[in-house]
Amino acid sequence: AKAISDFILGYGWFAAVGLIAVLIAVAVGLRTDRGKEIWHRTLLKLPVIGPMAVKQGIARIAMIIGTLTRSGVELTRAVELAEKSTGNVVFQRALRQARESISAGEEVSDALERSGAFPPLAVRVFSVGQESGKLDDMLFRLADDYDSQVATASARLTALLEPVLILVLAAMVGFLLLATILPILEAGNVM
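Keep in mind the model is a prediction, meaning the values are calculated, not measured. (Residues numbered from 1 in each chain as written. Predicted model: local features only at pLDDT ≥ 70, side-chain atom pairs only at ≥ 80, totals over all residues. Heavy atoms only, no water.)

K.L.:
Lay out the overall build of the protein with the relevant residues and their values.
P.N.:
What the protein contains, in helices and strands, is eight helices and zero strands. Secondary structure elements of the protein, listed N to C terminal, follow the sequence α-α-α-α-α-α-α-α. For a compact globule of 191 residues, the expected C-alpha radius of gyration is about 16 Å, and the protein comes in at 25 Å, more than 25% above that figure. Taking the principal axes of the C-alpha coordinates as reference, the protein spans close to 90 × 35 × 25 Å. (Helix = DSSP H or I, 4+ residues; strand = E, 2+ residues; numbered from the N terminus. Rg over C-alpha atoms; globule rule 2.2 N^0.38 Å.)

K.L.:
For the packing of helix α2 (residues 33-45) against helix α3 (residues 49-70), give the residues involved together with the corresponding values.
P.N.:
In the contact formed by α2 and α3, the axes pass within 5 Å of each other and the chain directions differ by 110 degrees. Viewed along their axes, α2 and α3 adopt a mutual orientation that is roughly perpendicular. When α2 is examined against α3, the residues Leu43, Leu44 and Lys45 are found in contact with a partner set consisting of Ile49, Gly50, Pro51, Ala53 and Val54. (Axes fitted to C-alpha atoms, helices over the stretch in contact; angles between N-to-C directions. Parallel < 35°, antiparallel > 145°, perpendicular 65-115°, else oblique. Contact = heavy atoms within 4.5 Å.)

K.L.:
Report on the packing of α3 against helix α4 (residues 75-85), specifying residues and quantitative values.
P.N.:
Interhelical geometry of α3 versus α4 gives an angle of 145 degrees and a closest axis separation of 9 Å. Viewed along their axes, α3 and α4 form a crossing whose handedness is right-handed. Of α4, the residues touching α3 (which contributes Arg60, Ile61, Ile64, Ile65, Leu68 and Thr69) are Leu75, Ala78, Val79, Leu81, Ala82 and Ser85. Its residues assigned to classes, the contact of α3 with α4 comprises nine nonpolar, two polar and one charged. (Left-handed = near helix turned anticlockwise from the far one by under 90°. Nonpolar A, V, L, I, M, F, W, Y, C, P; charged D, E, K, R; others polar.)

K.L.:
Tell me about the packing of aromatic side chains, residues and numbers included.
P.N.:
Using the criterion set out here, one finds two aromatic pairs in the structure. Both rings, one in tyrosine 11 and one in phenylalanine 14, keep their centres 6.5 Å apart while their planes meet at 40 degrees; by these two values the pair is tilted. Taken together, the residues span about one helical turn, with tyrosine 11 and phenylalanine 14 both in helix α1 (residues 2-31) at a distance of three residues. Seen from their ring centres, phenylalanine 91 and phenylalanine 118 are 5.7 Å apart, and the 50 degrees between their planes marks the pair as tilted. Here phenylalanine 91, found in helix α5 (residues 89-103), pairs with phenylalanine 118, found in the loop between α6 (108-115) and α7 (120-132); they are 27 residues apart in sequence, far enough to count as distant. Classification of phenylalanine 91 by relative accessible area gives buried; the value is 1%. (Phe/Tyr/Trp six-rings, centres within 6.5 Å; stacked < 30°, edge-to-face > 60°. Buried < 20%, exposed > 50% of the residue type's maximum accessible area, 1.4 Å probe, protein only.)

K.L.:
Got a sec to walk through the pattern of salt bridges? Specific residues and values, please.
P.N.:
By the definition in use, this model includes ten salt bridges. The shortest N-O distance in the salt bridge between arginine 70 and aspartate 137 comes to 2.4 Å. Of this pair, arginine 70 sits in helix α3 while aspartate 137 sits in helix α8 (residues 135-190); the two residues are 67 residues apart in sequence, bridging distant segments of the chain. Residue class for arginine 70 comes out partly exposed when judged on its relative accessible area of 47%. Judged by relative accessible area, which is 30%, aspartate 137 ranks as partly exposed. We note a salt bridge from glutamate 80 to lysine 84, for which the minimum N-O separation is 3.5 Å. In this pair, glutamate 80 and lysine 84 are both assigned in helix α4, four residues apart and thus about one turn of the helix distant. (Salt bridge = Lys/Arg side-chain N within 4 Å of Asp/Glu carboxyl O.)

K.L.:
I'd like a rundown of the nonpolar core, residues and numbers included.
P.N.:
Ile58, Ile65, Phe91, Leu112 and Phe118 are the most contacted members of the largest nonpolar core, which totals 34 residues. Secondary-structure elements contributing two or more residues to this core are α3, α4, α5, α6, α7 and α8. If one sorts the elements of this core by residue count, α3 sits on top with eight residues. Setting aside chain neighbours within four positions, we find isoleucine 58 in contact with Phe91, Ala117, Phe118, Pro119, Ala122, Leu142 and Tyr146. (Core = buried A, V, L, I, M, F, W, Y, C linked by side-chain atoms within 4.5 Å.)

K.L.:
Got a sec to walk through a nonpolar patch on the surface? Specific residues and values, please.
P.N.:
Among the surface-exposed residues, Leu161, Val164, Leu165, Val168, Leu169 and Met172 lie close enough to one another that they form a single nonpolar patch of about 550 Å² accessible area. Mapped onto the elements, methionine 172 comes out in helix α8. (Patch = residues over 30% accessible without salt bridge, like charges linked within 9 Å, V, L, I, M, F, W, Y side chains within 5 Å. Areas by Shrake-Rupley, 256 points an atom, 1.4 Å probe, with all protein chains shown as cover.)

K.L.:
Got a sec to walk through the confidence of the model for the protein? Specific residues and values, please.
P.N.:
Detailed reading of the predicted model is not advised wherever pLDDT is low. Overall, the prediction assigns the protein a mean pLDDT of 89, with 98% of residues at 70 or greater. Element-level mean pLDDT values for the protein span from 84 in α1 up to 94 in α3. (pLDDT = per-residue confidence, 0-100.)

K.L.:
Help me get a handle on the environment of glutamate 107, residues and values and all.
P.N.:
Here glutamate 107 lies in the loop between α5 and α6. Relative accessible area serves as the criterion here: at 40%, glutamate 107 is assigned to the partly exposed category. The spatial distance from the C-alpha of glutamate 107 to the C-alpha of glutamine 130 is 8.4 Å, given a sequence separation of 23 residues.

In structure tokens:
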């Protein structure tokens, strides 16, 4: 504790300036296309949050494409609009490549599979939906299924995080209590 205190007293300004510089660099980096791509790709690969983000993104894409195709919009235009509506750069790139491949006459499922951003279940749903002529119904089912999976996973995650947050808060209160009471007790020992 003494070493940390000495460090903060001696080099606190340097540490604060360094921390601010790192935060500014990260903020600027996230505004670039490359920075956004790195962040979104990393977000999709995180252990617990990644699968939830993938399912939530695909549910949104499936709902948009399903709604548009049911309304009579052609598939390439529906994919283009879904690309514009998604905020994730990885999904945007995958949908752009898929739209170009579909325009060239390729099957939707093959184009999505090649992108690597869509899980096998979503690719199969697109394949079966296009072959059966009920793409919109299949996409609505996929969106509902993924939405319910995300809701279940987030409820479980919340249930797991509650005890951890309680322990962290208890540790913080204990630290503040010790930081407040120890100087009073040491002052009493001096007298």
